[in-house]
Amino acid sequence: MYKKTITSVGLFFLSVNASATSQVADSVAPELTSKVTAKKAVIANEYMVAAANPLAAQAGYDVLKSGGNAADALVAVQTVLGLVEPQSSGLGGGAFLVYYDAKSKKITTFDGRETAPLAARPELFQDEQGKPLKFYDAVVGGRSVGTPGTVKLLATMHEKYGQKSWSELFIPATKMATDGFTVSERLASSIAKDKDRLARYPDTKAYFFESDGTPLKEGTTLKNPAYAKTLTTLAKEGESAFYQGQIAKDIIAKVTGITDNPGYLSQTDFTNYTVVERETTCAPYRQYNICGMGPPSSGALTVGQIMGISSRFDIAKMGPEDPVSWQIIGDASRLAFADRGRYMADSDFVPVPEGLLDPDYLASRSWLIKKGKALESVNAGEPPWEGKIALADDQSIELPSTTHLVIVDKESNIISMTSTVENGFGSRVMSNGFILNNELTDFSFATYKNGYPIANRLEPGKRPRSSMAPTIVMKDGEPYMAVGSPGGSRIIGYVAQTLIAHLDWGMDIQQAIDMPHMVNRFGTYDLEQGTSAENFKEPLEKMGFKVNIRDLNSGLHAILFKDGQLIGGADPRREGVALGD
């Protein structure tokens, strides 16, 4: 059981014991909040990094301070995160990245999402009778591992935009892995919580447990020579060492050689892997333009739908203390999630309606919402699109163990990236000193429903749908804010709420991040346990919502651009910090 501490920002947190509550299908055993620590916004003039662990943020800050740019700092930050926060992201995972180029004044998105093995089949997560496997029966082992994309994404960004030498950017993480780093409270609690699954495979157990079989404790010095060796190889030989060299061979052998739950990765999967530069998905909101990742991420589309549907109502005037504000936001989210479940998937494999953000369509959806009364039922709409096909609703499970970082350099280039291994500690399989993802379980376990195909079904080479929502907000053609969060499919609600809190309710960026979470995806309203959000339980229930009070563990990081300054905020629910000069 974890003890939340007290902070005194506006509406916000109260003292509480945060224990696990009953889980809905889309959030089995989330990575819980370990403790809450009050934080203040950080102000800088030239450059800034906000990341989920102080050691990672410091590594990126040092790169920026020594003349490196955002693409350089990215390599340092992510390689350290993979060491000190292995439950959330790393070299064995994938990421989505939104990049603002200060010279061209354009936003580009980069898809470093994992891909399904070419040998995998849509029924990968079904038993012999065609029934979906239990979640952790699918996750733990090699079966759930997709082709990692993070290393290729780091290399792509550095090749296109980096200034410093590739090799020097690995020094901070290599030194920490060699000399050892101090196990944080968050990592220790994550290990203890998942000890049974982490102990399933000998090399994973050897790394995360003491010799007597007890989980590593906070304050332990942990060394990772295998990770140091991997980083040294990548520093010298580049990303080809990961995708065509011994590292790939080791991953393939580990994944396919697991006797109790083997996977299907091959050298062809690694050789064929590419980072895809995709068109940015932007949604207008008031005088702003909210831009992020399109499919296979559902983040920008669903955030954009929530904001667009809500925009018909004067939420700014109603304010955050009016339960009707939350009724509107909650029902807008439910409508958006209905469309998400029906239509959103990897657009390289499945046609995605082009009209999901059409203003007239969103207006028609907004008219379904009646102030003061929760929608009795919610179904996917019929957005305008050519080549319409019949699809069934998705049945995937997406879990919250992910990380988000934001970097701004002296030239005003911006990176907003969400990175993940999916579930906490991914597949629980380690290779070469890092955790391998379980990203394939982001696909729908079922492939058809009532004779209609599910858009997010598994297909060879396909990228599973994600809720990651790295975001850059534009105003008058200039960057206004960069923001994002981990949190499984609740990422969408966390980001949308933070945007509304700042853009509509006038909260500063740290207050907007601190604000107690209230999220509704599929009908049940989740209220953040131990906060003033609990006060909304009764009025929301009177309006017709089912309410669940539970731990809601985001990891929001944001940088606001205001009056020539950078204002950074980090989520009090995690260990992250913002650093800048």
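Up top you'll find the structure we're talking about.
Model, not experiment: these values are computed from the prediction.

Engineer: Looking at this structure, how should I read the sheet that holds strand β12 (residues 402–408)?
Structural biologist: For sheets, the rule is that strands pair by backbone hydrogen bonds, running either parallel or antiparallel. Pairing is antiparallel in the open sheet, where seven strands are placed in the order β9-β6-β5-β13-β12-β4-β25. In this open sheet, the two edge strands, each paired with only one partner strand, are β9 (276–278) and β25 (577–580). Adjacent strand axes in the sheet meet at a mean angle of 15° when their direction is disregarded. Note that β12 and strand β13 (residues 414–420) share seven bridges and pair antiparallel. By the bridge assignment for β13, Thr-402 is matched with Thr-420. Sitting on the sheet, helix α4 (residues 150–161) is in contact with β5 (94–101), β6 (106–112), β9 and β13, with an inclination near 15° to β5.

Engineer: How do you make sense of the sheet that holds strand β19 (residues 478–484) when you look at a structure like this?
Structural biologist: Strand order in this open sheet of seven strands is β3-β24-β23-β19-β18-β11-β10, and the pairing throughout is antiparallel. The open sheet is flanked by β3 (42–44) and β10 (281–285), the only strands paired with a single partner. Adjacent strand axes in the sheet meet at a mean angle of 20°, parallel and antiparallel pairs treated alike. Looking at chain direction, β10 and strand β11 (residues 288–292) are connected through five bridges and run antiparallel. Paired with Ala-283 across the two strands is Ile-290, which belongs to β11.

Engineer: Looking at this model, I keep getting lost on the pairing of β5. Mind explaining?
Structural biologist: A regular strand carries its side chains on alternate faces of the sheet. Counting buried residues along β5, eight of its eight residues qualify, which places the element largely inside the surrounding structure. A two-sided burial pattern is seen for β5, the buried positions comprising Gly-94, Phe-96, Val-98 and Tyr-100 on one face and Ala-95, Leu-97, Tyr-99 and Asp-101 on the other. Examined bridge by bridge, β5 and β6 share seven bridges and lie antiparallel to one another. Considered in β6, the bridge of Tyr-100 is made with Ile-107. Between the antiparallel neighbours β5 and β6 lie four residues, among them Lys-105 with a positive phi of about 60°.

Engineer: Got a minute to help me understand the environment of Leu-169 in this structure?
Structural biologist: Checked against the element boundaries, Leu-169 lands in the loop between α4 and α5 (171–179). Taking the C-alpha atoms as reference points, Leu-169 and Ile-435, separated by 266 residues in sequence, lie 21 Å from one another. If we ignore the near neighbours within four places in the chain, the residues touching Leu-169 are Val-63, Asp-72, Val-75, Ala-76, Thr-79, His-158 and Lys-164.

Engineer: Just checking my understanding: could you explain the pattern of salt bridges for this structure?
Structural biologist: Between side chains of opposite charge, pairing is possible as soon as their charged atoms come close. For the coordinates displayed, the defined rule picks out 29 salt bridges. Arg-278 is the salt-bridge partner of Asp-111, the closest N and O atoms lying 2.9 Å from each other. You can see Asp-111 sitting in strand β6 and its partner Arg-278 sitting in strand β9, a full 167 residues away along the chain. Of the two residues examined, Asp-111 and Arg-278, each falls in the buried class. Put simply, Glu-239 and Lys-152 hold a salt bridge, and the shortest N to O gap is 3.1 Å. On the criterion of sequence distance, the pair formed by Glu-239 in the loop between α9 (225–237) and α10 (240–243) and Lys-152 in helix α4 is long-range, its members being 87 residues apart. By relative accessible area, which is 15% here, Lys-152 ends up buried. Three or more residues joined by partner-sharing salt bridges are found here, namely Asp-111, Arg-278, Asp-348 and Arg-463.

Engineer: I tried to follow the state of the cysteines on my own but got confused; where do I start?
Structural biologist: Each disulfide is one covalent bond, formed between the sulfur atoms of two cysteines. The full count for this structure, using the stated rule, is one disulfide. Here Cys-282 is linked by a disulfide to Cys-291, with a sulfur-sulfur distance of 2.1 Å. Taking the sign of the S-S torsion, about 115° here, the bridge from Cys-282 to Cys-291 comes out right-handed. Look at Cys-282 and you get partly exposed, because its relative accessible area is 31%.

Rules behind the numbers
- Residues numbered from 1 in each chain as written.
- Predicted model: local features only at pLDDT ≥ 70, side-chain atom pairs only at ≥ 80, totals over all residues.
- Heavy atoms only, no water.
- Pairing = 2+ DSSP bridges.
- Helix = DSSP H or I, 4+ residues; strand = E, 2+ residues; numbered from the N terminus.
- Axes fitted to C-alpha atoms, helices over the stretch in contact; angles between N-to-C directions.
- Contact = heavy atoms within 4.5 Å.
- Buried < 20%, exposed > 50% of the residue type's maximum accessible area, 1.4 Å probe, protein only.
- Salt bridge = Lys/Arg side-chain N within 4 Å of Asp/Glu carboxyl O.
- Disulfide = S-S within 2.5 Å.

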